[in-house]
Amino acid sequence: LVLQNPGYCLHMAGRRPPGGIWVHIAGIDLVRTGPDEFYVLEDNARTPSGVSYMLENREVMLKLVPELFDAVKVAPVETYPEKLLETLASVSPRPAAKMSGGKGHPTCVLLTPGQYNSAFYEHSFLADKLGIELVEGSDLFVRDDIVYMRTTEGPERVDVIYRRLDDAFIDPLVFNPQSMLGVPGLMAAYHAGNVTLANAVGTGIADDKAIYSYMPEIVRFYTGEDPILQNVPTWRCREPEALGYVLD
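(A) Quick peek at the sheet that holds strand 9 (residues 196-198). The 4 strands lie next to each other as 4-3-8-9, forming an open sheet whose pairing is parallel. Edge strands, defined here as strands with exactly one partner in the open sheet, are strand 4 (133-135) and strand 9. Direction aside, neighbouring strands of the sheet carry axes that sit 30 degrees apart on average. Of the pairings in the sheet, the one linking strand 8 (residues 160-163) to strand 9 comprises 3 bridges and is parallel in character. Bridging across to strand 9, Ile 161 finds its partner in Leu 197. Of the strands in this sheet, strand 3 (108-111), strand 4 and strand 8 are in contact with helix 4 (residues 120-130), which crosses strand 4 at around 150 degrees.

Take a look at the structure:
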């Protein structure tokens, strides 16, 4: 299930991402089946998308039906961009003291495949809300295993890349050589610990539907505790008992 999985990335075998964090942003889909009953529908740990629609939807709802928020206790969501930027900045490989120009905060960028991607609205929306640059692969380059962004004032070192680009297209020197979307040499800079990618390369394996069925057992194994949220009941037909149930 792991070694033959399409999401398995051999280039990450035996390596640890900067800071030891694989999934900085997780999109966990939930379904509610009762007053206090929730199930995890699926995990999205590669390039989760959709949060911008939640933020925009809340803004519209506040304008159209403000009385709803007076009558019902609804948790706020407007701090999401602030928390996301805080998360990205916290995993910078460079200490603040070494930031260029003495600005004291890391340079974070959002890497998009471009305007023809179905989620480009979200990419531009989040970059705007976070106050970071929205870049394409051609806006970045690697020199001496360090990633730089082209700017009108010359190259600027990049510390953290919030990538909305799949593994296969991120670096043509390592993955798909036909990719015009990625940055040649990005993986070398990544493995050198000079730039952080959120999320880490190879995390897509956690999105797999077969892996999903094992998540409750994985949680128990690594934490010693039962999962707070349950999976949707799932039968693995490789197991005789489950296969019998499905066939019946």
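So much for the structure itself; the text now carries on.
(B) View of the layout of surface pockets. Its volume calculated, the largest pocket comes out at about 810 Å³. Lining the largest pocket are 29 residues, and of these Ile 205, Ala 206, Ile 211, Met 215 and Ile 218 lie nearest its centre. Elements with a contribution of two residues or more to the lining of the largest pocket: strand 2 (37-44) and helix 7 (215-223). The element that contributes the greatest number of residues to the lining of the largest pocket is helix 7, accounting for 5 residues. The residue makeup of the lining of the largest pocket, split by class, is 22 nonpolar, 5 polar and 2 charged. Of the pockets and cavities examined, the second largest pocket occupies roughly 300 Å³. Around the second largest pocket, the lining is made up of 18 residues, and of these Ala 26, Gly 27, Ile 28, Pro 48 and Ser 49 lie nearest the centre. Among the elements that line the lining of the second largest pocket, the one with the most residues is strand 1 (residues 27-34), at 3 residues.

Basis of the calculations
Each chain has its residues counted from 1, following the order in which its sequence is written. Two thresholds apply to this predicted model, a pLDDT of at least 70 for residue-level local features and 80 or more for giving and counting side-chain atom pairs, whereas whole-chain, interface and lining totals are computed over all residues. Water and hydrogen atoms play no part in the side-chain values, which are based on all heavy atoms of the structure. Criterion used throughout: strands pair if DSSP finds at least two bridges between them. For the purposes of this entry, the term helix denotes a DSSP run of H or I that reaches at least four residues, the term strand denotes a run of E that reaches at least two, and both are numbered from the N terminus. Lines are fitted to the C-alpha atoms to define the axes, a helix being fitted only along its stretch in contact, and any angle between axes, read from their N-to-C directions, falls within 0 to 180 degrees. In what follows, residue pairs with any heavy atoms lying within 4.5 Å of each other are defined as contacts. Only protein atoms enter the 1 Å grid, on which a cavity is a set of points fitting a 1.4 Å probe that cannot get out and a pocket is an open set with protein on both sides within 12 Å along at least 5 of 7 lines, lining residues being those with an atom within 4 Å of a point. Grid points are joined across faces, edges and corners, and a volume is the space filled by probe spheres set on the points. Under this grouping Gly is polar, as are all residues other than the nonpolar Ala, Val, Leu, Ile, Met, Phe, Trp, Tyr, Cys and Pro and the charged Asp, Glu, Lys and Arg.

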